[in-house]
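Chain and residue survey
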Amino acid sequence: MAKRSSLFIRIVEGKHLPAKDITGSSDPYCIVKIDNEAIIRTATVWKTLSPFWGEEYEVHLPPTFHSVSFYVMDEDALSRDDVIGKVCVTRDVLTAHPKGYSGWLNLTEIDPDEEVQGEIHLQIEILGSDAARKLRCSVFEARDLARKDRNGASDPFVRVRYNSKTQESSVVKKSCYPRWNETFEFDLDESATEKVCIEVWDWDLVSRNDFLGKVRGDHQLIRTVQQEEGWFRLRPDKSKPRVDEGNLGSLQLQVRLRDETVLPGSYYQPLVQLLCQEVKAGPKQDGKLCLITLIDETTTAECRQEVAINLIKLFLGQGLAKEFLDLLFKLELDKTGEPNTLFRSNSLASKSMESFLKVTGMQYLHNVLGPTVNRVFDEKKYIELDPSKVEIKEVGCSGLHRIQTESEVIQQSTQHLQSYLTDLLITIAKSVRTCPATIRATFRQLFKRVEEHFPENKHKNVKFIAVTSFLCLRFFSPAIMSPKLFHLREKHADARTSRTLLLLAKAIQTVGNMDAAASRAKEGWMAPLQPTIQQSISQMKEFITKLIDIEEKEGMLAFTTSLEIPWTLVVKEGPLFIHRGKGKGPLLSSSFKKLHFSLTSEALSFAKTPSSKKSSFITLSNIRAAEKVEEKSFGSSHVMQIIYADEAGQLEMAYLQCKCVNELNQWLSALRKVCVNNAEMLGSYHPGVFKGDKWSCCHQKEKTGLGCDKTRHGVTLQEWNDPLDPDLESQLIFRHLFGVRELMR
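Structural notes, computed from the coordinates. (Residues numbered from 1 in each chain as written. Predicted model: local features only at pLDDT ≥ 70, side-chain atom pairs only at ≥ 80, totals over all residues. Heavy atoms only, no water.)

Considerations on the layout of surface pockets
The calculated volume of the second largest pocket comes to roughly 2000 Å³. Contributing to the lining of the second largest pocket are 47 residues, with K33, A38, R80, R147 and E631 lying nearest its centre. When contributions to the lining of the second largest pocket are tallied by element, the ones reaching two or more residues are β2 (28–34), β3 (37–41), β5 (67–74), β6 (82–90), β23 (623–628), α16 (631–634) and α17 (661–674). Partitioning the lining of the second largest pocket into residue classes produces 18 nonpolar, 8 polar and 21 charged. (1 Å grid on protein atoms, 1.4 Å probe; cavity = no way out; pocket = protein on both sides within 12 Å on 5 of 7 lines; lining within 4 Å. Points joined across faces, edges and corners; volume = space filled by probe spheres on them. Helix = DSSP H or I, 4+ residues; strand = E, 2+ residues; numbered from the N terminus. Nonpolar A, V, L, I, M, F, W, Y, C, P; charged D, E, K, R; others polar.)

A word on empty space enclosed by the protein
Within this structure, the stated rule accounts for 3 cavities of 30 Å³ or more. Taken as a whole, the largest cavity encloses approximately 70 Å³ of empty space. E37, I39, K628, N665, L668, S669, R672, V715, T716 and L717 together form the lining of the largest cavity. Contributions of two or more residues to the lining of the largest cavity are made by β3, α17 and β30 (716–717). Counting residues per element, the lining of the largest cavity draws most heavily on α17, at 4 residues. Partitioning the lining of the largest cavity into residue classes produces 4 nonpolar, 3 polar and 3 charged.

Description of the sheet that holds strand β7 (residues 101–106)
The 5 strands lie next to each other as β7-β16-β1-β4-β30, forming an open sheet whose pairing is antiparallel. In this open sheet, the two strands that pair with only one neighbour each are β7 and β30. Taken strand by strand, helix α18 (residues 726–739) contacts β1 (2–15) and β16 (250–262), and its axis lies near 105 degrees from that of β16. (Pairing = 2+ DSSP bridges. Contact = heavy atoms within 4.5 Å. Axes fitted to C-alpha atoms, helices over the stretch in contact; angles between N-to-C directions.)

Re the pattern of salt bridges
If you walk through the whole model with that rule in mind, you get 41 salt bridges. In this structure, the salt-bridge partner of R143 is E119, at a minimum N-O distance of 2.8 Å. Of this pair, R143 sits in strand β9 (residues 134–143) while E119 sits in strand β8 (residues 119–127), and the two are 24 residues apart along the sequence. The pair formed by R143 and E119 is uniform in burial state, with each residue classed as buried. The salt bridge partner of D326 is R449, with a shortest N-O separation of 2.7 Å. Taken together, the residues D326 in helix α6 (residues 321–334) and R449 in helix α9 (residues 437–453) connect sequence positions 123 residues apart. Residue R449 is classed as buried on the basis of its relative accessible area of 18%. Salt bridges here are not isolated pairs; linked through shared partners, they connect E37, D144, R147, K628, E630, D709 and R712. (Salt bridge = Lys/Arg side-chain N within 4 Å of Asp/Glu carboxyl O. Buried < 20%, exposed > 50% of the residue type's maximum accessible area, 1.4 Å probe, protein only.)

Considering the state of the cysteines
Across all of its chains, the model carries 0 disulfides by this definition. Here C197 is not cross-linked by a disulfide; its sulfur's nearest cysteine counterpart is in C137, at 10 Å. Looking at C197, the relative accessible area reads 3%, which means it is buried. Free cysteine C675: the closest other cysteine sulfur is in C658, separated by 15 Å. The class for C675 is buried, based on a relative accessible area of 2%. (Disulfide = S-S within 2.5 Å.)

Focus on unusual backbone geometry
Positive phi is not limited to glycine here, since S164 has a value of about 70 degrees. Note on placement: S164 falls in the loop between β10 (156–162) and β11 (165–168). Positive phi outside glycine occurs at K174, with the angle close to 50 degrees. Position of K174 relative to the elements: it lies in the loop between β11 and β12 (179–187).

Below you can see the structure in the form of structure tokens.
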């Protein structure tokens with residue numbers, strides 16, 4: 001039995017942010033921290049005080065986390081980024097809102113005394129006889145303290161207060177993982193109401209000391225049990241009244257916490273077998289309701305997407321995704337009398353097919369759309385077809401400037417859009433063989449079902465439109481409009497590029513609808529594109545005819561191996577900078593070497609270039625941990641370490657540098673997922689490096705000793721190509737059915 005939490009986060013938009021730049025604007029982005037660890041960074045939205053992000057994330061993490069914080073920052077090219085404000089949502093608040101916490105939250109100013117993190121290891125006990133009793137506080141160590149100094153560390157010491165008396169520990173220089181092992185004793189005052197208070201401070205030579213957090217111990221409670229020992233979370237100092245800092249703007253968020261207890265797979269077998277039997281049997285001919293039909297009828301709009309993805313993953317794991325989707329196609333067709341409305345609503349069939357394409361076809365999407373989307377970003381052309389939105393500008397060389405007319409702008413824009421659309425259709429036409437066989441076989445079944453339901457000649461296009469309603473309208477078009485959300489680009493498009501992408505997406509939608517006349521009637525200003533769109537419709541029909549031309553045996557084989565296709569080939573790949581932790585010299589960022597890394601379900605390998613022969617680097621079964629490295633260790637951000645056992649069984653470290661916090665967390669997440677079944681994963685590690693004769697983090701001199709921080713194997717980001725988890729998917733489906741049991745009756 002396993003317990004875990006999932007945090008769904010949607011960062012929607014901000015409004016009324018203060019101007020941080022001399023231009024009277026800001027360049028805002030968000031950093032999301034879970035218990036003060038940065039997990040997510042949104043894209044920067046340039047030159048605005050009302051940014052829209054619309055970014056969604058799902059984080060899997062242990063159920064022991066305490067809060068999630070959102071920091072709105074202003075990006076600066078030449079200086080440190082400015083902090084605009086923050087919003088903090090505690091676990092207790094999320095627990096009190098089981099359907100999710102949603103709305104606008106006011107940003108608050110950053111208070112250094114509230115920006116605390118980490119834990120401290122203490123023992124508090126009462127000693128002696130009744131006549132002369134003592135309160136003893138033993139301070140052993142602390143971990144993951146806030147970094148207050150420019151060197152990326154702190155100089156922590158402990159201050160213990162009790163009954164108006166204060167004692168202090170020694171200062172541990174340059175460490176966020178200090179070890180004191182010091183004991184403090186006070187005369188016990190039975191009548192005292194004051195609790196013993198243990199404060200951690202960062203010592204500064206010139207300026208005032210920085211507060212790092214505190215713990216309060218109740219000696220009245222300790223008197224009952226005589227002793228209390230353990231790791232205690234450091235708390236902020238909230239004794240000072242908060243000063244009204246003025247309007248810092250607000251942030252619109254959607255945050256939902258889901259706690260799950262996943263049982264062993266045998267407990268879910270009856271449910272899984274029942275679902276599989278119904279899917280194999282196909283649609284009922286006797287009018288009786290099956291469980292899939294009941295799920296379809298009782299699923300509300302707010303949870304339909306989640307139910308759809310869980311069902312798709314469950315049936316992918318059972319090799320029955322095509323049969324499941326075919327059953328939904330049949331149920332949808334039975335309810336549809338008008339072909340123009342087929343698969344246009346957000347039904348369970350539509351959401352399931354949409355999820356299926358994302359789970360099995362994301363690499364295909366990148367291969368098809370990537371070149372055209374990158375070209376649009378690189379060329380940054382001004383494109384506009386709507387006369388009401390055309391901006392007239394000057395053209396020509398120096399001394400020969402003239403005003404470009406509206407018709408010239410539209411003519412030029414049409415040529416550019418025709419070029420993009422033509423390139424994209426050529427790429428699509430050539431992609432038949434690279435499209436996953438699982439998708440081709442499913443589209444073949446969809447095409448066949450629709451053709452059987454609408455056999456009349458007047459509906460001859462409906463079977464093609466059924467395919468393009470998913471492929472173009474629900475897969476290609478959203479990715480073109482929002483390439484950041486589909487990982488096609490790292491940053492959001494600027495206003496000009498966004499408009500070009502929107503027009504291109506409209507063109508693809510029109511091609512998918514296969515009705516140029518209807519589009520011309522709705523948006524007449526798209527008329528200049530009609531000849532190209534008409535030609536593209538013919539190309540799209542030819543492409544679909546080839547796409548569904550797949551043998552039944554080939555389709556069946558695709559589904560029986562669908563578990564392996566996305567994950568035994570490549571889980572994640574890309575350029576990283578490597579530093580192997582060997583040698584006697586200082587570890588500097590300049591000693592990192594750029595290589596192309598590839599992570600599969602077998603090993604992490606590297607090569608000089610993507611096309612070079614790969615060298616086996618680390619076998620996954622030998623990995624013991626994948627964790628972050630302190631910034632001060634190399635003088636660089638976004639460094640991770642992979643701890644693995646060599647051939648002799650000795651632990652070695654490989655240090656890899658990523659280009660940003662998102663890439664760092666994505667690689668850590670991917671490594672942790674593929675190593676989830678490793679039996680010898682470590683419970684602790686050193687977030688620093690071993691320099692000279694000691695660890696840089698905690699100053700321990702024993703290289704092979706226990707680590708000074710706990711590992712975070714359970715913290716991962718949800719991705720579309722995640723390995724299937726049959727037990728979790730079964731639990732999520734069971735939870736949904738349990739929630740609607742009365743409605744189903």
